[in-house]
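This is what each chain is made of:
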Amino acid sequence: MLRIENLHAKVGNVEVLRGVNLELAAGEVHAIMGPNGSGKSTLAHVLAGREPYEVTGRVLYEDRDLLAMTPEERATAGVFLAFQHPVEIPGVGNLYLLRTAFNSIRRARGLEELGPVEFLGLAEEKMKLVEMDRSFMNRSVNEGFSGGEQKRNEIFQMAILEPKLAILDETDSGLDIDALRVVANGVNSLRSPERTMLVITHHQRLLEYIIPDRVHVMAGGRIVRSGGKELAVELEAHGYAGLDQLTTPLRSEPVGVPQ
Amino acid sequence: MSSVSIDVAELANREYQYGFVTDLDTDLAPRGLNEDVIALISSKKGEPEWLLEWRLRAYHHWITLTEPRWQNVKYEPIDYQDIIYYAAPKQKASIASLDEVDPEVRAMFDKLGISLTEQERLSGVAIDAVVDSVSVTTTFKEKLAEAGVIFCSFSDAVKNHPDLVRAYLGSVVPYRDNFFATLNSAIFTDGSFCYIPRGVRCPMELSTYFRINAADTGQFERTLIVAEDGASVSYLEGCTAPMRDEHQLHAAVVELVALEGASIKYSTVQNWYPGDAEGRGGIYNFVTKRGKCAGANSKISWTQVETGSAITWKYPGVVLQGDNSVGEFYSVAVSANHQQADTGTKMIHIGKNTSSTIVSKAISTGHGQNTYRGLVKILRSAEGAKNHTQCDSLLVGPDCGAHTFPYIEVKNSSSEVEHEASTSKVSEDQLFYCRQRGIGEEEAVSMIVNGFCREVFNELPMEFAVEAQRLLSVSLEGSVG
């Protein structure tokens with residue numbers, strides 16, 4: 001359902017992705033692990049259509065050329081990115097944004113829009129998945145949200161939008177163990193044969209809750225190792241140190257990545 | 001900000017949906033301003049001698065004045081002798097019922113989405129419809145009269161309630177106030193008059209809809225609202241004009257008087273024709289609006305959404321004379337294309353424990369320039385006065401600008417004044433977040449900007465808030481490339 005071939009991405013003169021190859025079948029959960037600066041988050045952003053990367057290579061998503069699509073077209077086609085750092089939008093209600101998104105996608109797919117009351121019903125049902133409090137539905141998007149609330153909100157949005165390809169970018173970062181369990185339960189409840197997931201994480205910890213079908217290790221802008229779920233355990237035991245000899249990180253990741 | 005770049009071709013296609021002209025048989029005064037024209041206007045309206053004298057005093061003062069140039073806007077000099085100061089759609093001398101309103105005028109208002117038929121209107125709003133220089137009709141007059149509320153055109157008020165007009169006219173904005181207020185005092189033509197007697201809560205929203213229709217004219221209306229002790233009223237003002245290549249001048253005066261314990265809420269959605277993408281045409285909106293909290297515990301609140309006009313230049317203010325009186329100013333001003341706005345407020349604290357709140361949201365896009373200019377003046381007598389000011393500017397695109405000029409004068413040591421200001425851009429991160437969720441770029445910008453304005457929109461009456469959001473979306477159309 002997703003095939004990435006020789007994907008390169010540059011920002012200015014810095015080549016962050018240096019030939020990524022990856023294939024995901026429908027319903028599979030793949031994890032991407034790797035040290036800071038290995039290009040994991042860039043891969044997530046490039047798949048979602050973030051500017052201003054200069055991108056070459058090919059990405060086939062359900063036999064469509066993903067790279068030729070705008071971010072909103074990708075969303076309509078079922079691509080969802082759970083952000084590592086969800087942005088605040090002051091004055092815009094959390095539920096309002098989500099209903100606008102939901103209906104934009106419905107409209108683009110030629111479906112009828114859902115009215116506010118029906119949508120609220122849907123939202124209340126999905127809120128339970130991530131044990132979310134109704135009170136912050138009407139708060140401004142991510143404004144003053146704790147790290148845990150932000151991440152739960154991302155998974156809540158995913159539950160509403162029901163994507164075919166969900167990319168989870170460091171969804172475990174900034175979470176304590178209870179919040180992590182809630183978020184992971186939410187994600188697990190959304191696993192289905194029709195939904196493919198790409199779980200990006202620095203730590204093996206998340207993968208104790210979300211058991212992947214495949215684990216890939218990224219370093220220096222490439223996938224350097226792939227294996228089953230046991231690869232994550234091995235990495236946790238030995239760290240990424242050994243990988244440094246394979247390749248050198250090209251840049252440091254933005255601040256705020258938890259250690 | 002690469003994706004929030006300005007596409008001029010798209011901006012040019014931005015639609016102003018009120019830009020049509022209605023073919024009305026119009027009675028015009030000769031071009032230019034002089035004593036004869038003033039006498040003509042006064043006699044057409046059958047005014048008493050004292051009002052003509054007041055107009056002439058204003059005129060004689062005006063000819064000694066020079067046009068102010070301190071505002072942060074640019075425009076070609078205005079030729080005051082090339083303006084037609086009086087334009088009135090011809091109709092019967094007096095209209096007994098709404099059925100007698102010229103069908104063309106009614107059709108024009110229908111096209112503007114404003115039905116003058118009482119049965120068809122939301123029952124909560126009474127409306128005074130002003131076309132060019134005259135009020136064409138006022139709805140719900142009888143129903144309001146039952147509550148003792150007077151709501152009529154200014155001309156009718158002069159005829160039927162001369163003592164009230166004489167007592168309050170110029171009491172807040174004297175004819176010597178400033179260049180444009182003085183000009184208005186000399187040649188004002190019509191406007192609305194509202195009087196809410198002691199203890200009455202006005203049973204419906206009062207509203208005036210201003211429409212400029214004729215070419216080469218200016219609109220110079222005057223509005224006077226008086227709320228007696230303990231009375232309260234909510235008043236709405238809307239305005240549109242046809243698209244024309246030349247500029248038209250709108251120089252209005254609005255005076256509000258709140259006596260003891262009274263409250264007046266004045267909301268404006270200003271959508272005068274803003275000119276085209278190249279800056280041709282559009283209304284010069286040079287307006288003096290001021291309220292006086294004359295009595296203790298009174299309150300005056302201004303809410304304005306300024307999306308139209310080539311130039312907006314106005315500072316709705318409140319003179320806080322009564323002890324414990326409250327002044328508020330909530331503003332959203334949008335400058336797109338080549339629009340310029342220099343707007344803000346004046347809060348003059350005189351009474352003890354008076355308080356004022358200012359929330360200004362300025363949005364600039366295209367080549368728009370937006371200036372907040374505000375004065376908070378706390379006199380020696382205003383012990384324990386408080387002010388809170390918040391000025392936020394939002395920039396959409398690389399060619400626009402936002403400026404803030406706050407003036408604060410405090411003459412005593414027991415007062416508190418707070419000023420917060422911010423300038424931000426619609427960020428790439430915010431846009432990408434929305435787009436990743438499936439929301440198109442234009443809708444995303446509109447949503448983010450609406451969020452930015454929410455504090456002010458919350459102050460608007462419901463149906464106006466919806467209108468304001470829609471206008472804002474239209475103003476922002478094409479502001480992303």
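A brief structural summary. (Residues numbered from 1 in each chain as written. Chains lettered and ligands numbered in written order. Predicted model: local features only at pLDDT ≥ 70, side-chain atom pairs only at ≥ 80, totals over all residues.)

## Some thoughts on the overall build of chain B
Then, number 1: For chain B, the count of helices and strands is twelve helices and 24 strands.
Then, number 2: Burial status across chain B gives 56% buried among its 481 residues.
Then, number 3: Considering only residue pairs separated by 6 or more positions, chain B has 83% of its internal contacts joining residues 24 or more positions apart. (Helix = DSSP H or I, 4+ residues; strand = E, 2+ residues; numbered from the N terminus. Buried ≥ 20, exposed ≤ 12 C-beta atoms within 10 Å, placed from the backbone. Contact = placed C-beta atoms within 7 Å.)

## Side note on the overall build of chain A
Then, number 1: Each helix and strand in chain A was counted, giving seven helices and twelve strands.
Then, number 2: Against the globule reference of 18 Å for 259 residues, chain A gives a C-alpha radius of gyration of 18 Å, in line with a compact fold.
Then, number 3: Seen through its C-alpha atoms, chain A measures out along the principal axes to roughly 55 × 40 × 35 Å.
Then, number 4: Taken across its 259 residues, chain A has 44% of its residues classed as buried.
Then, number 5: Once local pairs closer than 6 in sequence are excluded, the contacts in chain A between residues at least 24 apart make up 74%. (Rg over C-alpha atoms; globule rule 2.2 N^0.38 Å.)

## Side note on the interface of chain A and chain B
Then, number 1: Every contact between the two is made by 22 residues of chain A and, on the other side, 19 residues of chain B.
Then, number 2: Looking at the side of chain A that touches chain B, the elements that each hand over two or more residues are α2 (71–76), β7 (89–93) and α3 (94–108) of chain A.
Then, number 3: Split into classes, the residues belonging to the side of chain A that touches chain B amount to 13 nonpolar, six polar and three charged. (Nonpolar A, V, L, I, M, F, W, Y, C, P; charged D, E, K, R; others polar.)

## Topic: the sheet that holds strand β4 (residues 54–61) of chain A
Residues and elements named next belong to chain A.
Then, number 1: Within the open sheet, the four strands sit side by side as β2-β1-β4-β5. Their pairing is antiparallel. Either end of the sheet is taken by a strand with one partner, and the two such strands are β2 (14–24) and β5 (64–65).
Then, number 2: Both strand β1 (residues 2–11) and β2 contribute to a ladder of eight bridges, which runs antiparallel. By the bridge assignment, leucine 7 is partnered in β2 with valine 20.
Then, number 3: Strands in contact with helix α1 (residues 40–48) are β1, β2 and β4; relative to β2, the strand with the most contacts, it is inclined by about 75°. (Pairing = 2+ DSSP bridges. Axes fitted to C-alpha atoms, helices over the stretch in contact; angles between N-to-C directions.)

## Some details on the sheet that holds strand β12 (residues 222–227) of chain A
Residues and elements named next belong to chain A.
Then, number 1: Pairing is mixed across the open sheet formed by six strands, whose spatial order is β6-β9-β10-β3-β11-β12. The open sheet terminates on both sides in strands that have one partner only, identified here as β6 (79–82) and β12. Adjacent strand axes in the sheet meet at a mean angle of 20°, parallel and antiparallel pairs treated alike.
Then, number 2: Note that strand β9 (residues 165–169) and strand β10 (residues 196–201) share five bridges and pair parallel. Pairing of leucine 168 across the sheet is with valine 199, part of β10.
Then, number 3: Against the sheet, α1 contacts β3 (29–33), β6, β9, β10 and β11 (214–219), and its axis sits at roughly 145° relative to β9.

## Concerning the packing of helix α3 (residues 49–62) of chain B against helix α8 (residues 179–187) of chain B
Residue and element names in this part refer to chain B.
Then, number 1: Running from amino to carboxyl end, α3 crosses α8 at an angle of 145°, the nearest separation of the two axes being 7 Å. Crossing geometry of α3 relative to α8 is assigned as left-handed. Residue-level contacts link Arg55, Ala58, Tyr59, His61 and Trp62 of α3 to Thr182, Leu183, Ser185 and Ala186 of α8.
Then, number 2: Taken together, the residues that form the contact of α3 with α8 break down as five nonpolar, three polar and one charged. (Left-handed = near helix turned anticlockwise from the far one by under 90°.)

## Thoughts on helix α2 (residues 35–44) of chain B
Residues and elements named next belong to chain B.
Then, number 1: Turning to α2, its buried residues are Ile38, Ile41 and Ser42. Down the axis of α2, the sector holding all buried residues measures 95°, keeping them to one side. Along α2, the residues that are exposed and aim more than 90 degrees away from the buried face are Asp36 and Ser43.
Then, number 2: For α2, the secondary structure elements touched by its buried residues are α3 and α8.
Then, number 3: Positive backbone phi, at 60°, marks glycine 46, one or two positions downstream of α2. (Arc of directions from axis to C-beta.)

## Focus: the packing of α3(A) against helix α5 (residues 147–161) of chain A
In a packed pair of helices, the relevant descriptors are the angle between the two axes and the axis-to-axis distance.
All names here are of chain A.
Then, number 1: Following both chains from N to C, one finds α3 and α5 inclined at 30°, their axes separated by 10 Å at the closest point. One finds that α3 runs roughly parallel with respect to α5. Crossing of α3 over α5 shows right-handed handedness. Between α3 and α5, the residues in contact are Asn94, Leu98, Ala101, Phe102 and Ile105 and Asn153, Gln157, Ile160 and Leu161, respectively.
Then, number 2: In terms of residue class, the contact of α3 with α5 is built from six nonpolar, three polar and no charged. (Parallel < 35°, antiparallel > 145°, perpendicular 65-115°, else oblique.)

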